[in-house]
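# Close look at the chain arrangement
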Amino acid sequence: MAINNPPECISGKDHKALDLNRQSHEHSRKSTIDQAGEVMSGHGLHSHPPHEEMVHHAAEGHGGEHHSLSQWVAIFTAILAAFGAIVSYQGTHLMNEVLLQKNEAVLEKAKAADQWNYYQAVSTKLHMMELAIILAPNKSADFKEKIAKYEHQKVSIQQSATEMEQKSEAANRESAHLNRPHNDLEIAMIFLQIAISLASITALTRRKWLFAVAGISAAGGIGLWISAIFLF
């Protein structure tokens, strides 16, 4: 009958030796990985998990797009601010010219009215001299001399009043002519301000369609500005 030998028992010393051997193997493996990582870092290579790489590239792409849009909005706003300053100056200048021409028209109209009043006064004196000739024919020589004087004054006063009325009408026409481009400049300024406001909202919301609408509004304002320049 065969007798089975009992399994060999591992002593505590053998367990300890196995643990030390395993720890030494793990330490050697970790040292090798660290050295490889240092070599890759030294050559400018970095290793990241795949999902971290995707997040990193997405963040870089979004940041570049954001930076580019902000730059375009800043340049766009600066250009519109410059145009707005020019339009505002021209609008103010035209408004002053409109008011100046309107005041000139009112002044010439008042002068013409004074001349017509003077004309009526001279006409009244002339009629009185004509009546005096009828009432006192013996003094008709003196009255006729005055009548000739008054008739000459009437012609001169009438010419002066007519010229003043013509100047008043010319000033009114010039005022109306300048007021049309002034209105176009005012509307152009409104469009430019709307474009600047939309560009500011674009910088906050990152909505490109708002930037497109701002461009359309700016184009309308610049178009009105150009038409006003040609009218002026």
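Before reading on, note that the structure itself is shown above.
Structural notes, computed from the coordinates. (Residues numbered from 1 in each chain as written. Predicted model: local features only at pLDDT ≥ 70, side-chain atom pairs only at ≥ 80, totals over all residues. Heavy atoms only, no water.)

## Describing the overall build of the chain
Stated formally: By the criteria applied, helices consist of DSSP H or I runs no shorter than four residues and strands consist of E runs no shorter than two, each listed in order from the N terminus. Think of it in three bands: with a 1.4 Å probe and only protein chains considered, a residue is buried below 20% of the maximum accessible area for its type, exposed above 50%, and partly exposed in between. Contacts are assigned to residue pairs that have any heavy atoms within 4.5 Å of one another. Residue exposure ignores everything except the shown protein chains as possible cover, and the areas themselves are Shrake-Rupley values with a 1.4 Å probe.
Looking only at helices and strands, the chain features four helices and zero strands. Listing each helix as α and each strand as β along the chain from the N terminus yields α-α-α-α. Out of the 232 residues belonging to the chain, those deemed buried represent 21%. Expressed as a percentage of contacts within the chain between residues at least 6 apart in sequence, the contacts between residues at least 24 apart total 82%. For the chain, the computed accessible surface area is about 16900 Å², with 62% contributed by carbon and sulfur atoms.

## Some details on the side chain of T202
The following threshold applies: Under this definition, polar contacts are N or O atom pairs within 3.5 Å; protein pairs additionally need one hydrogen-donor-capable and one acceptor-capable atom, and for neighbouring residues in sequence, both atoms have to be side-chain atoms.
Checked against the element boundaries, T202 lands in helix α3 (residues 140-205). One polar contact links the side chain of T202 to the main-chain carbonyl oxygen of L198, over a distance of 2.8 Å. Residue contacts for T202: discarding those within four places in its chain leaves L69, V73, R207, L210 and F211.

## Side note on the packing of aromatic side chains
So the rule is basically this: Aromatic contacts are taken between Phe, Tyr and Trp rings whose centres are within 6.5 Å, Trp giving its six-membered ring; a plane angle under 30 degrees counts as stacked, one over 60 as edge-to-face, and the others as tilted.
Applying the stated criterion across every chain yields a total of three aromatic pairs. Summarising the aromatic geometry, the rings of F83 and W225 are spaced 5.4 Å apart at their centres and angled 75° between planes, so their arrangement reads as edge-to-face. Taken together, the residues span a long stretch of sequence, with F83 in helix α2 (residues 50-135) and W225 in helix α4 (residues 208-231) at a distance of 142 residues. Judged by relative accessible area, F83 falls into the partly exposed class, the value being 22%. Considering the side-chain rings of W116 and Y119, the 5.5 Å spacing of their centres and the 80° angle between planes classify their relative orientation as edge-to-face. Taken as a pair, W116 and Y119 lie in helix α2 at a separation of three residues, close to a single helical turn. A relative accessible area of 15% places Y119 in the buried class.

## Re the environment of I157
Within the secondary structure, I157 is located in helix α3. Judged by relative accessible area, which is 5%, I157 ranks as buried. I157 sits 38 residues away from Y119 along the chain, and the two C-alpha atoms are 6.0 Å apart. Ignoring anything within four residues of it in the chain, the contact list for I157 reads Q115, Y118, Y119 and V122.

## Observations regarding the environment of G223
You can see G223 is positioned in helix α4. In this structure G223 comes out as partly exposed when scored by relative accessible area, which is 35%. The spatial distance from the C-alpha of G223 to the C-alpha of D184 is 9.7 Å, given a sequence separation of 39 residues.

## Focus on the environment of K146
Locating K146 in the fold gives a position in helix α3. With 20 residues separating them along the chain, K146 and L126 place their C-alpha atoms 7.7 Å apart.

## Describing the nonpolar core
This is how it is decided: Side-chain atoms within 4.5 Å are what join buried Ala, Val, Leu, Ile, Met, Phe, Trp, Tyr and Cys residues into a set we call a nonpolar core.
Grouped together as the largest cluster of nonpolar side chains are 20 residues, with contacts concentrated most on F76, L80 and L185. Sorting the residues of this core by element identifies α2, α3 and α4 as the ones contributing at least two each. Not counting the four nearest positions on each side in its chain, L185 is found in contact with V87, Q90, G91, L94, W225 and A228. By size, the runner-up hydrophobic cluster in this structure holds nine residues, among which are Y119, M129, I147 and Y150.

## Re unusual backbone geometry
The phi angle at R206 is positive, at roughly 60°, despite the residue not being glycine. Note on placement: R206 falls in the loop between α3 and α4. On the accessibility criterion, R206 (34% relative accessible area) is partly exposed.

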